[in-house]
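Take a look at the letters that make up each chain.
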Amino acid sequence: MALTSAFTSFNLPVKNVGQSKAFFTGLGFELNPQFPENENSVAIVIGDNLQVMLINQAFFNTLTEKESVDTSKYAQMTIALAFESREKVDEIVNTAVSLGGKLHAEPEDHGFMYHWGFVDLDGHLWAINYMNMNAAQG
């Protein structure tokens with residue numbers, strides 16, 4: 001049997017936990033009540049058994065001996081999420097921009113997949129997708 005995780009959480013360093021919390025809840029995500037928020041972090045549910053921990057940069061630096069990435073210069077990863085429709089993709093990206101995020105490229109339509117993205121307040125890249133499984137199978 002393949003190795004699978006029962007729950008996934010990834011940590012993203014942020015400059016201001018409160019501002020990042022407002023950004024992601026403004027997009028429609030909810031807080032994870034199982035992880036109490038404090039001045040150093042807040043847990044945002046982004047999918048079934050999936051969350052992102054937004055962690056104050058200074059505290060994040062205590063969790064690793066490595067330097068964190070300067071997101072104004074480098075991309076460490078792209079966080080890709082899929083949603084139920086093209087319209088939802090557009091809504092999420094447009095809302096992200098209205099909340100202070102930036103566009104990441106132009107929308108792309110590959111027939112079976114529609115893709116657009118944004119850069120959050122701290123420079124992290126988010127790819128927002130719609131997968132048309134009927135078109136993908138055809």
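Residues numbered from 1 in each chain as written. Predicted model: local features only at pLDDT ≥ 70, side-chain atom pairs only at ≥ 80, totals over all residues. Heavy atoms only, no water.

In the annotation of an unreviewed UniProt entry, the entry for the chain reads Glyoxalase/fosfomycin resistance/dioxygenase domain-containing protein, and the organism field reads Paenibacillus methanolicus.

A.B. asks: How should unusual backbone geometry be read in this particular structure?
C.D. replies: Glycine aside, the phi torsion of most residues is negative, and most peptide linkages are trans. Positive phi outside glycine occurs at N49, with the angle close to 60°. Despite not being glycine, A105 shows a phi value in the positive range, around 70°. One can find A105 in the loop between β6 (102-103) and β7 (108-109). Classification of A105 by relative accessible area gives partly exposed; the value is 45%. (Helix = DSSP H or I, 4+ residues; strand = E, 2+ residues; numbered from the N terminus. Buried < 20%, exposed > 50% of the residue type's maximum accessible area, 1.4 Å probe, protein only.)

A.B. asks: What exactly am I supposed to notice about the UniProt feature "domain: Glyoxalase/fosfomycin resistance/dioxygenase" (unreviewed entry) in the chain here?
C.D. replies: Here the UniProt feature "domain: Glyoxalase/fosfomycin resistance/dioxygenase" (unreviewed entry) sits at residues 10-128. A helix fraction of 24% and a strand fraction of 35% characterise residues 10-128, whose end C-alpha atoms lie 17 Å from each other. (UniProt positions renumbered as here; feature names shortened; annotations may be inferred.)

A.B. asks: Looking at this model, I keep getting lost on the side chain of D122. Mind explaining?
C.D. replies: Residue placement: D122 occurs in the loop between β8 (113-119) and β9 (125-131). Given a relative accessible area of 7%, D122 falls into the buried group. In this structure the side chain of D122 is engaged in a polar contact, spanning 2.8 Å, whose partner is the backbone nitrogen of K15. Among all residues touching D122, those that are not within four sequence positions of it are P13, V14, K15, S20 and T71. (Polar contact = N/O pair within 3.5 Å; in protein donor to acceptor, adjacent residues only side chain to side chain. Contact = heavy atoms within 4.5 Å.)

A.B. asks: Could you clarify how one ought to interpret the domain arrangement of the chain in this entry?
C.D. replies: Interface extent is often summarised as the accessible area lost during association of the parts. When its domains are assigned, the chain resolves into domain 1 (1-64) and domain 2 (71-137). On a C-alpha basis, the centroid separation for the pair domain 1 and domain 2 is 19 Å. Every contact between the two is made by 15 residues of domain 1 and, on the other side, 15 residues of domain 2. Both faces combined, the contact of domain 1 with domain 2 buries some 1,200 Å², and carbon together with sulfur accounts for 79% of it. On the domain 1 side of the contact with domain 2, L12, F23 and L27 bury the most area, a combined 44% of that side's loss. Residue D122 pairs with K15 through a salt bridge whose shortest N-O separation is 3.7 Å. When residues of the side of domain 1 that touches domain 2 are traced back to their parent elements, those giving at least two are β1 (8-14), α1 (17-27) and β4 (50-56). Considering every element that reaches the side of domain 1 that touches domain 2, the biggest residue donor is α1, with six residues. (Domains from an automatic or database assignment. Buried area = accessible area lost by both parts, 1.4 Å probe. Salt bridge = Lys/Arg side-chain N within 4 Å of Asp/Glu carboxyl O.)

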